[in-house]
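Residue-level structure breakdown
Chain by chain, the residues run as shown.
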Amino acid sequence: MGRVEGFDQNTGQPANGTYPSPSPSPYQAQANGTYPPAAPSPYQPQVGNQYRAQIGDPWSTGLFDCQLDQTNAIMTTVFPCLTFGQIAEVLDEGETTCATGSFIYMLLTPALCSNWIFGSKYRTKLRKKYNLVEAPYEDVISHVFCPCCSLSQEYRELKIRGLDPALGWNGILAQQSRMQNPPQHQTMSM
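Small disclaimer: the values here were computed from a predicted structure and weren't measured.

Notes on the pattern of salt bridges
If you walk through the whole model with that rule in mind, you get seven salt bridges. With its nearest N and O atoms 3.1 Å apart, the salt bridge here joins glutamate 154 to arginine 123. Residue glutamate 154 is located in helix α7 (residues 147-160), and its partner arginine 123 is located in helix α5 (residues 115-130); the two are separated by 31 residues in the primary sequence. The buried category is assigned to arginine 123, whose relative accessible area is 0%. The salt bridge partner of glutamate 134 is arginine 127, with a shortest N-O separation of 3.8 Å. We classify arginine 127 as buried; its relative accessible area is 12%. Among the ionic contacts, a cluster of salt bridges with common partners joins Arg123, Arg127, Glu134, Asp139 and Glu154.

Thoughts on the packing of helix α2 (residues 70-78) against helix α3 (residues 80-91)
It is at 5 Å that the axes of α2 and α3 come closest, and there the two elements cross at 115 degrees. Compared by their axis directions, α2 and α3 come out roughly perpendicular. On the side of α2, the interface is formed by Asn72, Met75, Thr76, Thr77 and Val78, while α3 contributes Pro80, Leu82, Thr83 and Gln86. Residue classes in the contact of α2 with α3 are distributed as four nonpolar, five polar and no charged.

Concerning the nonpolar core
One finds Phe84, Ile87, Leu91, Leu126, Tyr130, Leu158 and Leu163 to be the most contacted residues of the largest nonpolar core, which totals 19 residues. Elements supplying a minimum of two residues to this core: α3, α5, α7 and α8 (168-180). The element best represented in this core is α3, accounting for six residues.

Topic: a nonpolar patch on the surface
On the surface, Phe64, Trp116, Ile117, Tyr137, Val140, Ile141, Val144 and Phe145 cluster together into a nonpolar patch covering about 740 Å² of accessible area. Among the elements of the structure, α5 and α6 (139-145) are those that each provide at least two residues to the nonpolar patch. Per-element tally for the nonpolar patch: the top contributor is α6, with four residues. Among the structural elements, phenylalanine 64 can be located in the loop between α1 (49-55) and α2. Judged by its relative accessible area of 48%, phenylalanine 64 falls in the partly exposed class.

About the cut-offs
Residues numbered from 1 in each chain as written. Predicted model: local features only at pLDDT ≥ 70, side-chain atom pairs only at ≥ 80, totals over all residues. Heavy atoms only, no water. Salt bridge = Lys/Arg side-chain N within 4 Å of Asp/Glu carboxyl O. Helix = DSSP H or I, 4+ residues; strand = E, 2+ residues; numbered from the N terminus. Buried < 20%, exposed > 50% of the residue type's maximum accessible area, 1.4 Å probe, protein only. Axes fitted to C-alpha atoms, helices over the stretch in contact; angles between N-to-C directions. Parallel < 35°, antiparallel > 145°, perpendicular 65-115°, else oblique. Contact = heavy atoms within 4.5 Å. Nonpolar A, V, L, I, M, F, W, Y, C, P; charged D, E, K, R; others polar. Core = buried A, V, L, I, M, F, W, Y, C linked by side-chain atoms within 4.5 Å. Patch = residues over 30% accessible without salt bridge, like charges linked within 9 Å, V, L, I, M, F, W, Y side chains within 5 Å. Areas by Shrake-Rupley, 256 points an atom, 1.4 Å probe, with all protein chains shown as cover.

As structure tokens, then:
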């Protein structure tokens, strides 16, 4: 057993009968009753927009929350290419049609199951558009091991943000124009 400076090794009591005074802590109150400012910690999250910009916002729903939209979950399980096509059309703002996106995804499925390439590409595009965290897994991992769950989560995220993929890009534009220009009250005259 090693000897601790100033303590009796058998009893654990101070050798001279008094305890040594502790060294002053930088976090003890000063004579005027105030505490010194704490040093910034690299492990402590920053507050406000700066922190959110570095880390990102959380997804509205979890990767495995497919039960929140059961219709989409079943459709994605049976026809993942259709869900991908809808997502691609919305994220590309109509440049890629649902049919084109679905066809590309369907062609890549038998080709060594390489549909994860396009799936993860569009997941990354969605994350960057809304500053979402890459969680719970990296985009590629999510689409390799859980492609249907990933597509369902992306679909739900767009729908929650007011861009319902089921409407298609033209349907979303029509919906937005109706919201901006509501119909005036019309009366019938006789």
